[in-house]
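Coordinate inspection notes
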Amino acid sequence: MSQHHLKPLFAPKSVAVFGASDRIDAVGQIVFQNMLQSGYQGALYPINPTRAEIQGCKAYASISQIAEPVELAVIATPPQSVPDIIEACGKHNVKAAVIITAGFGEAGEEGKALERAVLENAKRYGIRLIGPNCLGVMRPDIGLNATFNKGGAITGNLAFVSQSGALCTAILDWAQTNDVGFSSVVSMGSSVDVDFGEILDYLISDVKTQSILLYIEGIHDARGFMSAIRAAARIKPVILVKVGRHAAGSKAAMSHTASLVGSDDAFEAAVKRAGVVRVKSITQLFSAAKALSCGFHPTGNRLAIVTNGGGPGVMATDCAEDLGLVMATLSAATIEKLNAVLPQTWSHGNPVDIIGDAQADRYRNAVQACLEDPNVDGVLTILTPQAMTKPLEAAKAVIELSNQYSKPLLTSWMGGEQVTESRAAFKLAKKPTFRTPEPAVEVFSFLSAYHKNQKLLMQMPGPLSHHLEPDVEGARMIIEGALQERRKVLSEMESKALLSAFHIPVAQTMVAHSPNEALLIAQQMGFPVAMKVNSPNITHKSDAGGVLLNLANAQAVRAAYHEIIDNVKLNRPDAMMDGISIQPMIMKPNGRELMVGVTNDPVFGPIITFGAGGTTVEAMGDRSVTLPPLNSFLVKDLIQGTHVSKMLGAFRHMPPADMNALESVLLRVSEMVCELPMLMEMDINPLILDEHGALAADARVVVEFRQPSADRYAHMAIYPYPTHLVTNWQLADGTEVVIRPIRPEDAVLTQEFVHNLSEASRYARFMNSVQELSESMLVRFTQIDYSREMALLAVTDVQDNEVELGVARFAINPDAESCEFALVVADSMHGKGLGNKLMIALMDAARSKGLKSMEGEVLKDNASMLKLMARLGFSIEKSTEDDSIKSVRKWL
């Protein structure tokens, strides 16, 4: 298939530098000097209309004077000149440009007009842009240093992508003295065109990159970012710093949930679902990257500490507990091993204090015993230089063990001169070491977070989680009815009806508009009852004096009606009242008051919250946040992130709460978010949970009109598993076939399918001699992002085991209007119509995403495939790049 569309940016064969200069410290002078000094391996052209020669190289007045192709333009000229330069580049067939120049969107109306002109010209000629207002781009392995940084970078395997050019320069300077090398450095600048998503997409398949580091100030396109970062994190460790952490503060919000959840909460939830590690500082960024690049395989958060000093061990333990890590409980077998090799005075627990006179053999024995303990997920080894200590010998023993075991093994050789040689040995062996224990513990916390977030990444929930389907159409009618009346806030009755449509148990509620009506309703329901003001303007009803509870007789109900009206008129004279809602008092002596909520982040869309409920919800601030869609695994993780989760088991006199009922409610809320794009905010507060089940005592919903989209889940940052594409089919011989989107757990199925293909079929599919799929290829094929690609499997059951019969897939091209497809069918299925059926299903899926065309490549001697393409209406032409390949295309 065709090369990645950003290859001209990362691997250009020729570069033109506009504004190249001899004037010392001019941006163009530094950029061109960097390109010369870095040993760029391609053709290099300085462009300056007033000079015949720049820094010893022939200069050109314009790009039109260059007779050869130019793949990348680097622009360091005044902003007014840039639109015309992009126009000239377009005419010369340049495919990528790095605009270092500032003075565009950030510079007022004139700058915004220039930016629009640049984008219009670039789009007309298909030029992709980095910047403007950026430091530039580096690819040290090919000598590409298209930046105005004073100096280059060491070649390495880390890709660093930053929205801050100033930070890039500081990090590049720091990296030189710390022997940190890069495969790529990209300064994004204003990101008017190419954003994080496309950069990440390139780095996924870049063999030079082993880990990806990101510095983020803000996200423009949440769907593109989440799609790309989740795809990258499945293949390579991704570690990021995100600045701008702040709470929601006192922003105007129409629900409890919206006032509880800030923008950083949404970003944190997104990061967890993306399978990446978030750190707080640049030092942590590189420390975590080094640890992950050591070949460690983190499996959990249980830490063992081996130390020759009690004090440092306690310091490390305090840090671990502050970070939410678990100090591992050593097994009886490990204790026995340690008793056999350590002095009687050792600590007999974790931290493992091997006493101040410990030599290398004692370190080796103690660390090895901990690494082999199944209760331990990682080991921190601490050494303090004491009179009888031999730091270098101990370091060599630990390095040897680190090469034998995959569990994280971190070290902290404390001190100065006496441990200098040891630190050099660790550095030479590329083992992470730290001057003090606390940073080492922090890095272990990042490794354990990586392990946990990778498990979250693997979850692929569908939009619907229950066999009992919700009444989605009925729910939409409730919302549309309110919007037709120009209301955004649903009444309590409407809100509860919405919950009922998704089978969430709700407390019976009726609204009274007079004291007599209130009395009749209360008598119908049975005493005691609760009464609340029914107002779209009041979120905190108790604060307005709008709630009275446990009303046990007729007189109390009549009096309560008047009291609530009077209280609200006094406390909230601006509020509109539509009667008083009445419901039976919920008599649940073992009930826990919880809150489930939904709010919409301006970047990441709908998010779901869970925590303690009741009237003190904001003061308590106990909530956990996640992005939908959810499944049971994700729901359990959401619940465990709160303090109130500790009260859901047996607690004092109360029996354990019904966790299945709580899980069901959260899954149903996830369904609501997926299927109701117009749902903006929602509170279920309180949700009362006891041993018998869950009941929504009160609910509040805010809605807003959204323009319908061809993509039914366009409002979500994470695309749900597309269950609507699952279909059943039958072969002529009666074999039942299910056609469904691929899932992460299909890795074994896919590997077996490819293994069982004939050599000819494998060659026809991959156009090379693939025998087995590598682990990274399996991940790419099975852990897909349904928002930008699709893979439809045809499977059947053979002796209660699922067997793959064929697969058709497409990937959306950067133009977002076309896609590339691939199809392969098991050899035993040839001639049975399966390929035709899969292609029809794939084309339907592409149309449902609004795609306009589908294209692919077929070997010219693959007659059966070409015949199928013709029958399906594809045009067939010779490939312009390879005589052995036919290009096929169909307008959808």
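Preceding this section is the structure that the text describes.
Residues numbered from 1 in each chain as written. Predicted model: local features only at pLDDT ≥ 70, side-chain atom pairs only at ≥ 80, totals over all residues. Heavy atoms only, no water.

Comments concerning unusual backbone geometry
This is how it is decided: Here a strand is any run of E in DSSP of at least two residues, a helix any run of H or I of at least four, and the numbering for each starts at the N terminus.
The omega torsion of the bond from Phe 527 to Pro 528 falls at -5 degrees, within 30 degrees of zero and hence cis. Locating Pro 528 in the fold gives a position in the loop between helix H19 (515–525) and strand S22 (529–533). With an omega dihedral of 5 degrees, the bond running from Asn 685 to Pro 686 counts as a cis peptide bond. Residue Gln 55 is not a glycine yet carries a positive backbone phi of 50 degrees. Among the secondary structure elements, Gln 55 is positioned in the loop between strand S3 (53–54) and strand S4 (57–58). Positive phi is not limited to glycine here, since Arg 486 has a value of about 60 degrees. Its location among the elements puts Arg 486 in the loop between helix H17 (472–484) and helix H18 (492–501).

A short note on the side chain of Lys 431
Applied cut-off: Burial classification: accessible surface area is computed with a 1.4 Å probe over protein chains only, and a residue below 20% of its type maximum counts as buried, one above 50% as exposed, and the rest as partly exposed. In this count, Lys and Arg are taken as positive residues and Asp and Glu as negative ones, while His and the chain termini are left out. For salt bridges, the criterion is a side-chain nitrogen of Lys or Arg within 4 Å of an Asp or Glu carboxyl oxygen. We call two N or O atoms a polar contact when they sit within 3.5 Å, provided that within protein one can donate a hydrogen and the other can accept it, with sequence-adjacent residues counted only if both atoms are side-chain atoms. Contacts: residue pairs with any heavy atoms within 4.5 Å of one another.
Topologically, Lys 431 is positioned in the loop between helix H15 (420–428) and strand S20 (433–434). Buried charged residue Lys 431 carries no salt bridge. Nearest counter-charge: Glu 400, at 12 Å. A distance of 2.8 Å separates a polar atom in the side chain of Lys 431 from a polar atom in the side chain of Asn 403. Ignoring sequence-local partners within four residues, the contact set of Lys 431 consists of Cys 294, Ile 399, Ser 402, Asn 403 and Phe 426.

Re the packing of aromatic side chains
The line we're drawing: In this scheme Phe, Tyr and Trp rings, the latter by its six-membered ring, pair at centre separations within 6.5 Å, and the angle between planes marks the pair as stacked below 30 degrees, edge-to-face above 60, and tilted otherwise.
Evaluated as defined, the whole model comprises 14 aromatic pairs. With centroids separated by 4.3 Å and ring planes inclined at 5 degrees, the aromatic side chains of Phe 10 and Tyr 202 adopt a geometry described as stacked. In this pair, Phe 10 is assigned in helix H1 (residues 7–10) and Tyr 202 in helix H6 (residues 196–204), connecting sequence segments 192 residues apart. Note on accessibility: Phe 10 and Tyr 202 belong to one class, buried. Pairing Tyr 721 with Tyr 786 gives two aromatic rings, centres 5.6 Å apart and planes at 85 degrees, and the pair type is edge-to-face. Here Tyr 721, found in the loop between strand S30 (699–703) and strand S31 (727–730), pairs with Tyr 786, found in the loop between helix H26 (775–782) and strand S33 (789–798); they are 65 residues apart in sequence, far enough to count as distant. Using a relative accessible area of 1% as the deciding quantity, one classes Tyr 786 as buried.

Digging into the nonpolar core
Counted only if it meets this: Residue types Ala, Val, Leu, Ile, Met, Phe, Trp, Tyr and Cys, when buried and joined through side-chain atoms within 4.5 Å, form a set referred to as a nonpolar core.
Membership of the largest hydrophobic core comes to 62 residues, with the highest contact counts inside it found for Ile 199, Leu 214, Met 226, Ile 229 and Phe 604. In terms of residue count, helix H7 (residues 222–235) provides more of this core than any other element does, eight residues in total. Beyond its immediate chain neighbours, meaning those up to four positions away, Leu 214 contacts Val 161, Phe 196, Leu 200, Ile 229, Val 238, Ile 239, Leu 240, Val 241 and Leu 285. If you look at the next biggest cluster of nonpolar residues, it comprises 56 residues, including Tyr 713, Val 824, Val 825 and Met 843.

Quick notes on the sheet that holds strand S32 (residues 736–741)
Whenever strands of a sheet pair, they do so through backbone hydrogen bonds, lying parallel or antiparallel. Worth spelling out the cut-off: The pairing criterion for strands is at least two bridges between them, as found by DSSP. Axis definition: a line fit to C-alpha positions, over the contact stretch in the case of helices; interaxial angles, taken between N-to-C directions, run 0 to 180 degrees.
With respect to topology, eight strands assemble into an open sheet ordered S31-S32-S33-S34-S35-S36-S38-S37, the strand pairing being mixed. Pairing within the sheet leaves two strands with one partner each, and these edge strands are S31 and strand S37 (875–878). On average, each strand axis in the sheet is tilted by 25 degrees relative to the strand beside it, whichever way the strands run. Bridge analysis of S33 against strand S34 (residues 801–812) gives 10 bridges, and the strand direction is antiparallel. Each bridged residue has a counterpart across the sheet, and for Leu 792 the counterpart in S34 is Ala 808. Most of the contacts of helix H25 (residues 759–766) go to strand S35 (residues 818–825), to which it runs at about 180 degrees, and overall it touches S34, S35 and strand S36 (853–859).

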